[in-house]
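Overview (structure and organization)
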Amino acid sequence: MKAYGPSLLLRVFFETADGGYYSPLFRECYEALPIPEFLGKLERTEFAKKFTYDKIPSRCGSWSLMKYIPVDYVLVGGSSYPVNKVIAHYDPRLDIGVYSDYWRSAGGRIPKAIKDSEGDSYIFFAAGLAKYPEGFFNSTHGFTEIRRVFMRSDRGIYVVGYMKVDKIADLTEFTRNVSQSLRGGGVEKVWEMAVKEYGEKIIMTPHYARTVDLPVVVLSEEGHFGFFPEPIPLIEWVGRKKVLGKYSYLFGISGSEDRVRQKMFSEERTESIIKTLEKDEYL
């Protein structure tokens, strides 16, 4: 019998405080815009520039995610920054199976119970999606206009992707083998050791662009991660009315005011989620 471990639901991607609006939901497809990050706070700027929105491919066509970004500014933590001063915080990487965060004990969102589990654990990712008018993003817009249209659109919070927790790389565990001070080159050595053990994809998020950042990196093997073919509705705004989705209770949503930030599920609930998604052909 297959054993399951605890799992997580985390809200990521553009929202009202980070970005200022929701990602687009179209009839045949949906996008997932990584939240913006201020370039000025990153030390490895040349590496960080690999994550500008014009370098990240769309899920819905042959263009980049820049198509959905305002020409003037976006919000980062509630403050506005010019578009040329931000990059995409491209994390989670549901194209290669990587997610970087921190232990809850250190202010992050990953409980150590996931690392200690012997069963199959998962991280599910939720995002805000909005139904913009057809053809709206075929032309460029400023932030104020996108925000205004977003506020008038039907929208909701959906589960959009998942990762099976196959490996966990805690970069702080490598520090015991590094003799230099972390501010004197030790962090770089830690990353080098992590790459040697886990492969190059461990540095494929902007966390590597921060010279003192040592996150916990979750890694999934091929076939154990990705976006769902259709977003799974949790809470939807239809006009001025909020409606709970078919899968709300399954993912621990008990009321329409739930902001869906982070939720942890027991082994039993994990099993129920996975079997339901398999039955309904999401997995």
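Our structure is the block above this text.
Remember, it's a predicted structure, so these values are computed and weren't measured experimentally. (Residues numbered from 1 in each chain as written. Predicted model: local features only at pLDDT ≥ 70, side-chain atom pairs only at ≥ 80, totals over all residues. Heavy atoms only, no water.)

**Description of the overall build of the protein**
The secondary structure content of the protein amounts to 5 helices and 14 strands. The C-alpha atoms of the protein give 19 Å as radius of gyration, which agrees with the globular expectation for 283 residues (19 Å, within 12%). If one aligns the C-alpha atoms of the protein with their principal axes, the spans along those axes are about 60 × 50 × 30 Å. Looking at the protein residue by residue over its 283 residues, the buried ones come to 53%. For the protein, the proportion of contacts with a sequence separation of at least 24, taken over those separated by at least 6, is 72%. Side-chain charges of the protein comprise 39 positive and 38 negative groups, with the mean position of each set lying 5 Å from the other. (Helix = DSSP H or I, 4+ residues; strand = E, 2+ residues; numbered from the N terminus. Rg over C-alpha atoms; globule rule 2.2 N^0.38 Å. Buried < 20%, exposed > 50% of the residue type's maximum accessible area, 1.4 Å probe, protein only. Contact = heavy atoms within 4.5 Å. Lys, Arg positive; Asp, Glu negative; His and termini not counted. Charge placed at Lys NZ, Arg CZ, Asp CG, Glu CD.)

**Structural notes on the pattern of salt bridges**
If you walk through the whole model with that rule in mind, you get 14 salt bridges. With a shortest N-O distance of 2.8 Å, E271 and K275 are connected by a salt bridge. With E271 and K275 both in helix α5 (residues 267-279) and 4 residues apart, this pair spans about one turn of that helix. Beyond isolated ion pairs, a larger network of salt bridges with shared partners links E37, R210 and D213. (Salt bridge = Lys/Arg side-chain N within 4 Å of Asp/Glu carboxyl O.)

**Focus on the layout of surface pockets**
As a volume, the largest pocket reaches approximately 480 Å³. Together, 23 residues line the largest pocket, and D18, I35, H89, D91 and R109 are the ones closest to its centre. Among the secondary structure elements, those contributing two or more residues to the lining of the largest pocket are β3 (36-38) and β7 (98-101). Looking at the lining of the largest pocket, its residues break down into 8 nonpolar, 6 polar and 9 charged. Put simply, the second largest pocket is a space of about 300 Å³. In the lining of the second largest pocket, the residues fall into 8 nonpolar, 2 polar and 4 charged. (1 Å grid on protein atoms, 1.4 Å probe; cavity = no way out; pocket = protein on both sides within 12 Å on 5 of 7 lines; lining within 4 Å. Points joined across faces, edges and corners; volume = space filled by probe spheres on them. Nonpolar A, V, L, I, M, F, W, Y, C, P; charged D, E, K, R; others polar.)

**Side note on the environment of E267**
For E267, the location among the structural elements is in helix α5. Judged by relative accessible area, E267 falls into the partly exposed class, the value being 36%. Between the C-alpha atom of E267 and that of Y132, which follows or precedes it by 135 residues, the distance is 38 Å. Apart from the residues lying within four places of it in its own chain, the contact partners of E267 are Y4, G5 and P6.

**Describing the packing of aromatic side chains**
Tallying each qualifying case throughout the model produces 25 aromatic pairs. Here the aromatic rings of F13 and F227 are separated by 6.2 Å at their centres, their planes lie at 35 degrees, and the arrangement is tilted. Separated by 214 residues along the polypeptide, F13 in the loop between β1 (7-11) and β2 (23-24) and F227 in strand β12 (residues 225-238) bring together distant segments of the chain. The exposure class assigned to F13 is buried, which follows from its relative accessible area of 5%. Each ring, one from F47 and one from Y208, has its centre 4.9 Å from the other, and the planes form 80 degrees; the classification is edge-to-face. Linking F47 in helix α1 (residues 45-48) with Y208 in the loop between α4 (186-198) and β11 (216-219), this pair joins segments that are 161 residues apart in sequence. The structure contains a cluster of three or more aromatic residues connected by ring pairs, namely F14, Y21, Y53, Y73 and F143. The lysine or arginine in question, R59, covers the ring of F227, its NZ or CZ lying 4.6 Å from the ring centre. Sitting above the plane of the W63 ring, K67 keeps its charged end 3.7 Å from the centroid. (Phe/Tyr/Trp six-rings, centres within 6.5 Å; stacked < 30°, edge-to-face > 60°. Lys NZ or Arg CZ within 6 Å of the ring centre and 35° of its normal.)

**A word on empty space enclosed by the protein**
Counted according to the given criterion, the structure contains 1 cavity of 30 Å³ or more. Approximately 30 Å³ is the volume attributed to the largest cavity. Around the largest cavity, the lining residues are M66, K67, I69, V71, F137, S139, T140, H141 and I146. Across the lining of the largest cavity, the residue classes tally to 5 nonpolar, 3 polar and 1 charged.

**Remarks on the side chain of S153**
By the element assignment, S153 lies in the loop between α3 (143-151) and β9 (155-164). On the accessibility criterion, S153 (7% relative accessible area) is buried. At 3.5 Å, the side chain of S153 forms a polar contact with the backbone oxygen of K131. Leave out the neighbours within four places in its chain, and S153 touches A130, K131, Y132 and P133. (Polar contact = N/O pair within 3.5 Å; in protein donor to acceptor, adjacent residues only side chain to side chain.)

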